[in-house]
Amino acid sequence: MDIERTQVGTKVLLKISGRMDAESSVQLEQQCESCISEGITSLIVDLGDLRYISSMGLRSFVVIAKKFREKGGSLRICRSTGLVQQLFEITRLNQVLNLHDSVESAMLES
Amino acid sequence: MPAKTQSLTLVAKTESLGLATDFVRNGAREANLPEARIHELDLLIEEILVNVSRYSYPVGTPGPVIITYSIPEPGELAVEVCDQGVEFDPLKLDPPDLTLDIERRPVGGLGIWLLKSFAKSLTYRREQGWNRLAFTISANV
């Protein structure tokens, strides 16, 4: 899994590509911990190039969403597709996580 | 004539995931499963292996996990995952409460749910000290 970080003002955009599974999902949690320690409160994660996610990846998103919420911030997820989107729907995480169709939409709302 | 089986024995730890996935993907290719089914197969194997790795054996002493596959007919892959850990029937677990908001959602607990959502004919039995979890995945949903 690759993570590309871009900072836009006080917002951080993480673009994730590849697979988010039991071994790689911890990388995203570590990146998010870094953001939180830097005082970032608005995180946007672009999943347009994420081809696969498992329950461990979903778990990471729940952990991250809770942490940002505790800090008064927000996690927004955009461009999930295919099996990734299917898993968000099957687990109804699409109803509790902030999902957007585009990076622009997530940026505007945050 | 019974379908030919292929087996692989691994150590039950998440580091074995790549080998496990590569192995069952061989079966998926032999069974001519489409790409979408192969991604689902990856998911099923990961969910089972992670569960065995985390819960079956005492911490720090991982035991064996045996993955076996066969092709009962073209377009269908039958997979069984066996371990000698504590007795655990995932089919008996209560489903997670998916109506909870983010604050009340527990961290984790979705793996078995995904397994049940994607596996066709998921079965479990305990036999002579082994947990045996089997499923099939078909080209036709």
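Everything quoted here is computed from the prediction, not taken from an experiment. The residue numbering used here restarts from 1 in each chain and proceeds along that chain's sequence as written. Chain letters and ligand numbers both follow the written order, the letters beginning at A and the numbers at 1. The predicted nature of this model means local features are confined to residues of pLDDT at least 70 and side-chain atom pairs, given and counted, to a pLDDT of 80 or more, with totals for whole chains, interfaces and linings taken over all residues. The side-chain numbers reported here are obtained from all heavy atoms of the structure, hydrogens and water having been left aside.

### What about the confidence of the model for chain B?
When pLDDT is low, close inspection of the predicted coordinates is not appropriate.
Inference 1: Each residue carries a pLDDT score, the predictor's own confidence in it, on a scale running from 0 to 100. Mean pLDDT for chain B: 93, with 97% of residues reaching 70 or above.
Inference 2: Both scores are given for the predicted complex: the pTM is 0.91, the ipTM 0.88.

### Some remarks on the packing of helix H1 (residues 25-37) of chain A against helix H2 (residues 55-70) of chain A
Packed helices, taken two at a time, are described by the angle their axes make and the gap between the axes.
All names here are of chain A.
Inference 1: Two elements in contact, H1 and H2, have axes separated by 9 Å at closest approach and are oriented at 10 degrees. Compared by their axis directions, H1 and H2 come out roughly parallel. From H1, Ser 25, Leu 28, Glu 29, Cys 32, Glu 33, Cys 35 and Ile 36 reach across to H2, where they touch Met 56, Gly 57, Arg 59, Ser 60, Phe 61, Val 63, Ile 64, Lys 67 and Phe 68.
Inference 2: Its residues placed into classes, the contact of H1 with H2 shows 9 nonpolar, 3 polar and 4 charged. Axis lines are fitted through C-alpha atoms, for helices just across the contact stretch, and the angle between N-to-C directions can take any value from 0 to 180 degrees. Secondary structure elements are defined from DSSP: runs of H or I of at least 4 residues count as helices, runs of E of at least 2 residues count as strands, and each element is numbered from the N terminus. Each angle is binned into one of four classes, with values under 35 degrees roughly parallel, values over 145 roughly antiparallel, values of 65 to 115 roughly perpendicular, and all other values oblique. Residues count as neighbours in contact if any of their non-hydrogen atoms are within 4.5 Å of one another. All residues other than Ala, Val, Leu, Ile, Met, Phe, Trp, Tyr, Cys, Pro, Asp, Glu, Lys and Arg, Gly among them, are scored as polar; the first ten of these are nonpolar and the last four charged.

### As for the layout of surface pockets
Inference 1: Here a cavity denotes grid points, spaced 1 Å and computed from the protein atoms alone, that fit a 1.4 Å probe unable to get out, and a pocket denotes an open set having protein on both sides within 12 Å along at least 5 of 7 lines; residues with an atom within 4 Å of a point are the lining. Grid points are joined across faces, edges and corners, and a volume is the space filled by probe spheres set on the points. Roughly 540 Å³ of volume is contained in the largest pocket.
Inference 2: Lining the largest pocket are 31 residues; nearest its centre among them are B:Asn51, B:Tyr55, B:Phe88, B:Gly111 and B:Ile112.
Inference 3: Among the secondary structure elements, those contributing two or more residues to the lining of the largest pocket are H2 of chain A together with helix H2 (35-56), strand S3 (76-83), helix H3 (111-118) and strand S5 (130-138) of chain B.
Inference 4: Looking at the lining of the largest pocket, the element that brings in the most residues is H2(B), giving 8 residues.
Inference 5: Of the voids in this model, the second largest pocket is the one considered here, and its volume is about 180 Å³.

### Some remarks on the pairing of S3(B)
Residue and element names in this part refer to chain B.
Inference 1: Counting buried positions along S3 gives 8 out of 8 residues, so the element sits mostly inside the fold.
Inference 2: For two strands to count as paired, DSSP must find a minimum of two bridges between them. As consecutive antiparallel partners, strand S2 (residues 64-73) and S3 are separated by 2 residues, and within that stretch Gly 75 has a phi angle of approximately 85 degrees, a positive value.
Inference 3: As paired strands, S3 and S5 are joined by 8 bridges and run antiparallel to one another. Paired with Val 79 across the two strands is Phe 135, which belongs to S5. Between buried and exposed lies partly exposed: a residue is buried under 20% and exposed over 50% of the maximum accessible area for its type, with that area taken using a 1.4 Å probe on protein chains only.

### Considerations on the interface of chain A and chain B
Inference 1: Between chain A and chain B, the residue contacts involve 25 residues of the former and 29 residues of the latter.
Inference 2: With both sides pooled, the region where chain A packs onto chain B buries about 2,300 Å², and carbon together with sulfur makes up 63% of that total.
Inference 3: A side-chain nitrogen of Lys or Arg and a carboxyl oxygen of Asp or Glu constitute a salt bridge if their distance falls within 4 Å. On the surface where chain A and chain B come into contact, there are 2 salt bridges.
Inference 4: When contributions to the side of chain A that touches chain B are tallied by element, the ones reaching two or more residues are strand S3 (42-53), H2 and helix H3 (82-90) of chain A.
Inference 5: Considering each element in turn, the side of chain A that touches chain B owes the most residues, 9 residues, to H2(A).
Inference 6: The class makeup of the residues in the side of chain A that touches chain B is 14 nonpolar, 4 polar and 7 charged. A 1.4 Å probe defines the accessible area here, and the buried area is the portion of it lost by two parts on being joined, summed over both.

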